[in-house]
Amino acid sequence: QVQLVESGGGLVQPGGSLRLSCAASGNIGSIYTMDWYRQAPGNQRELVARIFSGGNSNVADSMKGRFTISRGNAKNTVDLQMNSLKPEDTAVYYCHLFQPDKVRNYWGQGTQVTVSS
């Protein structure tokens, strides 16, 4: 089992920044991907950014240049740095971990990000 705990959400004004963090614990293994997804009311959950256990990462095209995914300072953490936030970035942000060798998915509880003046 793997547990994911997100932190760092909140209310921010347009143009501001937030940093989300996801801490993974349990039987993570050595081969996995960790992602950030988001879901706004009435919308489908969408992929924001992904980092691979080998270190490569990518960000959704619509968020490139504003969002960055990286490993956190603490072990088994992944951060999402969000800059130049827009009202349309308002959503619940979820951390996700996928283990391809076990074909298992794990989700965090989500953290609310609200961009509003």
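Residues numbered from 1 in each chain as written. Predicted model: local features only at pLDDT ≥ 70, side-chain atom pairs only at ≥ 80, totals over all residues. Heavy atoms only, no water.

Colleague: Describe in detail the state of the cysteines, supporting the description with residues and values.
Modeller: Within the structure shown, the criterion is met by one disulfide. One disulfide in the model links Cys22 with Cys95; its S-S distance is 2.0 Å. Taking the sign of the torsion about the S-S bond as the criterion, the disulfide between Cys22 and Cys95, at about -80 degrees, is left-handed. Note that Cys22 is positioned in strand 3 (residues 18-26) and Cys95 in strand 9 (residues 91-99), a separation of 73 residues in sequence. Cys95 shares its class with Cys22; the two are buried. (Disulfide = S-S within 2.5 Å. Helix = DSSP H or I, 4+ residues; strand = E, 2+ residues; numbered from the N terminus. Buried < 20%, exposed > 50% of the residue type's maximum accessible area, 1.4 Å probe, protein only.)

Colleague: How would you summarise the environment of Val103 if you had to cite specific residues and measurements?
Modeller: Looking at the element boundaries, Val103 is found in the loop between strand 9 and strand 10 (104-107). In this structure Val103 comes out as exposed when scored by relative accessible area, which is 61%. As a C-alpha pair, Val103 and Tyr32 span 71 residues in sequence and 9.8 Å in three-dimensional space.

Colleague: Quick rundown of the pattern of salt bridges? Include the residues and the values.
Modeller: Tallying each qualifying case throughout the model produces six salt bridges. We note a salt bridge from Glu46 to Arg38, for which the minimum N-O separation is 2.6 Å. What makes Glu46 partly exposed here is its relative accessible area of 33%. Look at Arg38 and you get buried, because its relative accessible area is 8%. Lys64 is the partner of Asp61 in a salt bridge, and the nearest nitrogen-oxygen pair spans 3.2 Å. (Salt bridge = Lys/Arg side-chain N within 4 Å of Asp/Glu carboxyl O.)

Colleague: Can you break down unusual backbone geometry residue by residue, with the values?
Modeller: Positive phi outside glycine occurs at Ser84, with the angle close to 50 degrees. Here Ser84 is to be found in the loop between strand 8 (77-82) and strand 9. Of note in this structure, Val103 is not a glycine but carries a positive phi near 50 degrees.

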